[in-house]
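# Analysis of the macromolecular model
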There are 2 protein chains.
Amino acid sequence: MDTKPPAFDVMSPECPSRLILQRMGDKWTPLVFLALQSGPRRFSQVRSDIGGVTPKVLTQTLRALERDGLLTRTIYPEVPPRVEYELTDVGATLLGPFDVIRDWAQTHAAQILESRDSFDGRTEHR
Amino acid sequence: MDTKPPAFDVMSPECPSRLILQRMGDKWTPLVFLALQSGPRRFSQVRSDIGGVTPKVLTQTLRALERDGLLTRTIYPEVPPRVEYELTDVGATLLGPFDVIRDWAQTHAAQILESRDSFDGRTEHR
DNA sequence: TCATATGGTTACCTCATGGATACCAAGCCG
DNA sequence: CGGCTTGGTATCCATGAGGTAACCATATGA
């Protein structure tokens, strides 16, 4: 059995949608996508775009996204070296889902924050 | 359109969209939503729907979602006690974004898995 | 009296992850 | 020679997420 197309078992930890969700939910992934959405950027550009990310963690994030084919890493063998990261076509299609989340958040953020305050108030004197 | 609400600073760790993404990317949140999408369920029902989740972690997940106003927790003071969880209206609106992710995953899962295999092959002999 | 059922809580442990810091390689240039 | 650049690694450590197992409160009913 080589391919078992759709019909995901969403209850399984193997389900691709879980994989995607966890990628998107990663602390730095959305910021990398944001930094790259307008075109290729160099490592240190992305790093300063984002701010607060250590090189190790940024490398980890970029490698994971490269591995999944969501961005490309191009080394220009110059001196000093230049490395550019760029969203692939597949990676770019994830910008849509990101927008959906952003829209949802924009619409409901106030309710959620209010709910948190209210909940904390209620649970203090339990 | 007429209102330009907060205009989120997406680069900030405080940005609500980050908060939402991390909720959705949580290991058990999607499964809880799936379990509750057709109506209220009891604690032990959700637990066995999901499978593999320990009561502690399920409680943590449910509390976090309750705190954010995405679901309600109703205690029926019977003996033995009965507790039902149900998506709120706000919570139900998140099913849409979840579908978007699921659709994206369904469309691109094969490419991603293939990219992973290929990448692993290439990096083995570095 | 004691088991049973529900819906948890609590203490404890482990291991992966994130982060801070320091360091490196290559080559040009002064 | 030695310093400058970029794009990372190497190393260590603290944190915390998540899991295991034990326990609890309550009332019913055998």
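Everything here concerns the structure above.
Residues numbered from 1 in each chain as written. Chains lettered and ligands numbered in written order. Predicted model: local features only at pLDDT ≥ 70, side-chain atom pairs only at ≥ 80, totals over all residues. Heavy atoms only, no water.

What follows covers the overall build of chain A. Helix and strand counts for chain A come out as six helices and three strands. The secondary structure elements of chain A, listed N-terminal to C-terminal, are α-α-β-α-α-β-β-α-α. For chain A, the proportion of its 126 residues judged to be buried stands at 40%. Across chain A, every contact between residues at least 6 apart in sequence was considered, and the portion connecting residues at least 24 apart equals 44%. Accessible surface, chain A: about 7100 Å² in total, of which carbon and sulfur atoms supply 52%. (Helix = DSSP H or I, 4+ residues; strand = E, 2+ residues; numbered from the N terminus. Buried < 20%, exposed > 50% of the residue type's maximum accessible area, 1.4 Å probe, protein only. Contact = heavy atoms within 4.5 Å. Areas by Shrake-Rupley, 256 points an atom, 1.4 Å probe, with all protein chains shown as cover.)

Let us look at the protein's contact with DNA strand C. Close to DNA strand C lie 19 residues, the nearest being Thr54 and Lys56 of chain A together with Ser44, Arg73 and Tyr85 of chain B. Of all DNA strand C atoms lying within 4 Å of any protein atom, the proportion belonging to sugar or phosphate reaches 78%. A distance of 2.7 Å separates a phosphate oxygen of DNA strand C from a polar atom in the side chain of serine 44 of chain B. Valine 83 of chain B is positioned with one of its backbone polar atoms (N or O) 3.1 Å from a phosphate oxygen of DNA strand C. Secondary-structure elements contributing two or more residues to the surface near DNA strand C are helix H4 (55–67) of chain A together with helix H3 (43–50), helix H4 (55–67) and strand S3 (82–87) of chain B. Looking at the surface near DNA strand C residue by residue, the class counts come to eight nonpolar, four polar and seven charged. (Near = heavy atom within 4 Å. Polar contact = N/O pair within 3.5 Å; in protein donor to acceptor, adjacent residues only side chain to side chain. Nonpolar A, V, L, I, M, F, W, Y, C, P; charged D, E, K, R; others polar.)

With that settled, the discussion passes to the sheet that holds strand S2 (residues 71–76) of chain A. Paired through backbone hydrogen bonds, the strands of a sheet run either parallel or antiparallel to each other. Residues and elements named next belong to chain A. Spatially, S1-S3-S2 is the arrangement adopted by the three strands of the open sheet, whose pairing is antiparallel. Single-partner strands in this sheet number two, and they are strand S1 (41–42) and S2. Most of the contacts of H4 go to S2, to which it runs at about 110 degrees, and overall it touches S2 and strand S3 (82–87). (Pairing = 2+ DSSP bridges. Axes fitted to C-alpha atoms, helices over the stretch in contact; angles between N-to-C directions.)

Rotating chain B by 180 degrees and moving it 0.0 Å along the rotation axis overlays it on chain A with an RMSD of 0.1 Å. Between the two chains, the operation in question is that of a two-fold axis. In terms of C-alpha distance to the rotation axis, chain B has glycine 25 of chain B as its closest residue, with the C-alpha 2.3 Å off the axis. When the interface residues of chain B are mapped onto chain A, 96% of them again fall at the interface, so both copies present the same face. (Least-squares fit on C-alpha atoms with pLDDT ≥ 70 in both.)

On to empty space enclosed by the protein. Summed over all chains, the structure comprises two cavities of 30 Å³ or more. Put simply, the largest cavity is a space of about 50 Å³. Taken together, Pro16, Leu19 and Ile20 of chain A together with Trp104, Ala105, His108, Ala109, Ile112 and Leu113 of chain B form the lining of the largest cavity. With six residues, the single largest contributor to the lining of the largest cavity is helix H6 (residues 95–124) of chain B. Class assignment for the residues of the lining of the largest cavity results in eight nonpolar, one polar and no charged. Its volume calculated, the second largest cavity comes out at about 30 Å³. Lining the second largest cavity are Ala109, Ile112 and Leu113 of chain A together with Pro16, Leu19 and Ile20 of chain B. Counting only elements with at least two residues in the lining of the second largest cavity, the list comes to helix H6 (95–124) of chain A together with helix H1 (16–25) of chain B. When grouped by side-chain class, the residues that make up the lining of the second largest cavity number six nonpolar, no polar and no charged. (1 Å grid on protein atoms, 1.4 Å probe; cavity = no way out; pocket = protein on both sides within 12 Å on 5 of 7 lines; lining within 4 Å. Points joined across faces, edges and corners; volume = space filled by probe spheres on them.)

Below, the discussion takes up the protein's contact with DNA strand D. In the vicinity of DNA strand D there are 18 residues, among which Ser44, Arg63, Arg73 and Tyr85 of chain A together with Lys56 of chain B approach most closely. If you look at DNA strand D and keep only atoms within 4 Å of the protein, 73% of those are sugar or phosphate atoms. In the environment of DNA strand D, a sugar or linking oxygen lies 3.1 Å from a nitrogen or oxygen atom belonging to the side chain of arginine 42 of chain A. Mapped by element, the contributors of at least two residues to the surface near DNA strand D are helix H3 (43–50), H4 and S3 of chain A together with H4 of chain B. Considering only residue class, the surface near DNA strand D consists of eight nonpolar, three polar and seven charged.

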